[in-house]
Amino acid sequence: MNFPPFKYTAAERFLHYVTIDTQSDPTSPTTPSTEKQKNLGKILVQELLDMGISDAHMDEHCYVYATLPSNSDKEVPVICFCSHMDTSPDCSGENVKPIVHKSYAGDKIVLPLDPAQVLTVADHPALADQIGNDIITASGDTLLGADNKAGLAEIMDAVYQLINHPEIKHGDIRILFTPDEEIGRGVDKVDMKKLGAKFGYTMDGETLGHVEDENFNAKSAVINITGVSAHPGFAKGKMENAIKIQQAILQALPIHTLSPETTDGKQPFIHPTAVKGNLENAELSFILRSFTREEMDRLEDILEAICVRVNKDFPNSKLEVIFKEQYRNMKEKLDEFPQVVDYAMEAVTRAGVTPIRTSIRGGTDGSRLSFMGLPCPNIFAGEHAFHSKQEWVSIQDMERAVDTIVHLAVIWEEKS
Ligand SMILES: [Zn+2]
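**Observations concerning the overall build of the chain**
Counting its secondary structure elements, the chain contains 10 helices and 17 strands. Here the C-alpha radius of gyration of the chain, 24 Å, is about what a compact globule of 416 residues would show, namely 22 Å. For the C-alpha atoms alone, the extent of the chain along its principal axes is close to 85 × 50 × 40 Å. Counting all 416 residues of the chain, 54% fall into the buried class. When contacts within the chain are restricted to residue pairs at least 6 apart in sequence, long-range pairs at least 24 apart make up 81% of them. Looking at the chain as shown, the accessible area adds up to about 17700 Å², and 51% of this sits on carbon and sulfur atoms. In the chain, 40 side chains carry a positive charge and 62 a negative one; their mean positions are 5 Å apart.

Shown next, in the form of structure tokens:
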């Protein structure tokens, strides 16, 4: 079906949301990791209530739940749209001052509060597709927060359009806004029963038209090293220095392959993230990333083999590797319900955009939700250069994301 022309609200909402500081904090043990995330949660709940969504509320852990009730006679599966409220701890999100650069002409964009922050097509090739569009950036001293406030604004606008156009038929639409995604805890406290959705979509992807149905398998690894200490003056033939064992392991890692700095696409890597230690005890932390289970097994084998080899040179020391799963490739789950991604591709097409099915070298709330019983691919929100002062999004891309959400709601109703 064709919609009447929408009077979009996404940009206006977005420009408001980014002014609320919602930076999350990986060192905090609480949920939410920072209380200030609730300031945005409260605004979102109020806006939903004002639209007439009567069950909108935020729980004590800063999760926002709401339902746009079905207006269809059909039995339509409950679909959830999800975005996260926090911004990355990597870059300040305090006092964000967004700027709208109208009708972008392809020139460089200099951010006024730090003239060293310049956006060029050379550095941001995706800007080449934005000629004539309205680009939003921060002012040079903070990130923008399009990751993931673009997603919030798009979902809110889509709900607004559906409410104002009751002739558009849809099933129950569940809304979920999460805290702490950027620190890997976005879905820790989701109440799946309360959510009660059958399928979901995170609106947290980058480029216009992208539908991401694959992500990394992710594990962490810690190597605990117990060396042999002795008085340095009388250590000959006895001492085995844990710091040197650590160094030997690091030197044995592949340099030209299997590292973040030498891989892209679907290539896997082993990546040391922290070292800690003294003469007797040392610890090495890693993250392992791959798209297939077989590759993950191979990465584990490589790390274990390095330990065995190094241990031969330090025979009285103890090396122990502990692997821990972080998240898994959602494709495993999405393949069981191919319609979830197919409908998303169809919705992008109906929004007048060429859909591109692709993968993410990372994880999303959706990758974990997929294994918690809610198959959940990721759809573009239009955010670019996220976690940086040069982050940007275009108003037109956000509006195509709004259209995509509305079309998805329609497609699920149509096909039910
Ligand atoms: Zn995000």
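After that view, the rundown keeps rolling.
**Digging into the packing of helix α1 (residues 10-17) against helix α2 (residues 37-50)**
Viewed as axis vectors pointing N to C, α1 and α2 meet at an angle of 150°, and their least axial separation amounts to 11 Å. Viewed along their axes, α1 and α2 adopt a mutual orientation that is roughly antiparallel. For α1 against α2, the interelement crossing comes out right-handed. Contacts between α1 and α2 involve R13, H16 and Y17 on the former and, on the latter, L40, I43, L44 and E47. Across the contact of α1 with α2, the residue classes tally to four nonpolar, one polar and two charged.

**Notes on the coordination of the zinc ion**
On the protein side, the zinc ion has H84 (NE2), D147 (OD), D204 (OD) and D204 (OD) as donor atoms, found 2.0 to 2.6 Å from it. Between the four donor atoms coordinating the zinc ion, the angles at the centre fall across 53 to 138°, so the site counts as irregular. Spacing between the donor residues of the zinc ion along their common chain follows H-x62-D-x56-D. With a gap of 63 residues between them, H84 in strand β3 (residues 79-84) and D147 in helix α3 (residues 146-164) connect regions that are remote in the sequence.

**Considerations on the nonpolar core**
Membership of the largest hydrophobic core comes to 70 residues, with the highest contact counts inside it found for F14, L48, F81, L144, F177, Y201 and W412. The element best represented in this core is helix α10 (residues 395-414), accounting for 11 residues. If we ignore the near neighbours within four places in the chain, the residues touching F81 are I155, I173, R174, I175, L176, Y201, M203, I405 and L408. The next biggest cluster of nonpolar side chains, apart from the first, holds 22 residues, and it includes I249, A282, L288 and V310.

**A look at the sheet that holds strand β1 (residues 57-58)**
In space, the eight strands of this open sheet follow the order β1-β2-β8-β3-β9-β16-β10-β15, with mixed pairing throughout. Of all strands in the sheet, those bounded by a partner on one side alone are β1 and β15 (356-360). Pairing of β3 with strand β8 (residues 173-178), which is carried by six bridges, proceeds in the parallel orientation. Residue pairing for β8: F81 is matched across the bridge by I175. Strands β2 (64-68), β3, β8, β9 (199-205) and β16 (378-380) of the sheet are contacted by α3, whose axis makes an angle of about 145° with β3. Its contacts with the sheet place helix α8 (residues 338-350) against β9, β10 (210-215), β15 and β16, and it is angled at close to 50° to β9.

**Quick notes on the side chain of Q161**
Mapped onto the fold, Q161 is located in helix α3. We classify Q161 as buried; its relative accessible area is 2%. Excluding anything up to four places from it in sequence, Q161 contacts F6, K7, Y8, T9, V402 and V406.

**Examining the sheet that holds strand β17 (residues 392-394)**
The antiparallel open sheet is built from three strands, whose spatial order is β4-β7-β17. At either margin of the open sheet sits one strand with a lone partner, and together these are β4 (99-101) and β17. On average, each strand axis in the sheet is tilted by 25° relative to the strand beside it, whichever way the strands run. As defined by bridge partners, strand β7 (residues 135-137) adjoins β17 across three bridges and the pair is classed as antiparallel. By the bridge assignment, I136 is partnered in β17 with V393. Along the sheet face, α10 touches β4, β7 and β17 and points at about 65° away from the line of β17.

Rules used in this analysis
Residues numbered from 1 in each chain as written. Predicted model: local features only at pLDDT ≥ 70, side-chain atom pairs only at ≥ 80, totals over all residues. Heavy atoms only, no water. Helix = DSSP H or I, 4+ residues; strand = E, 2+ residues; numbered from the N terminus. Rg over C-alpha atoms; globule rule 2.2 N^0.38 Å. Buried < 20%, exposed > 50% of the residue type's maximum accessible area, 1.4 Å probe, protein only. Contact = heavy atoms within 4.5 Å. Areas by Shrake-Rupley, 256 points an atom, 1.4 Å probe, with all protein chains shown as cover. Lys, Arg positive; Asp, Glu negative; His and termini not counted. Charge placed at Lys NZ, Arg CZ, Asp CG, Glu CD. Axes fitted to C-alpha atoms, helices over the stretch in contact; angles between N-to-C directions. Parallel < 35°, antiparallel > 145°, perpendicular 65-115°, else oblique. Left-handed = near helix turned anticlockwise from the far one by under 90°. Nonpolar A, V, L, I, M, F, W, Y, C, P; charged D, E, K, R; others polar. Donors = N, O, S within 2.8 Å, 3.2 Å for Na, K, Ca; no water. Tetrahedral: all angles 85-135°; square planar, octahedral: opposite > 155°, others 65-115°. Core = buried A, V, L, I, M, F, W, Y, C linked by side-chain atoms within 4.5 Å. Pairing = 2+ DSSP bridges.

Purely geometric stuff here, so don't read any function into it on its own.
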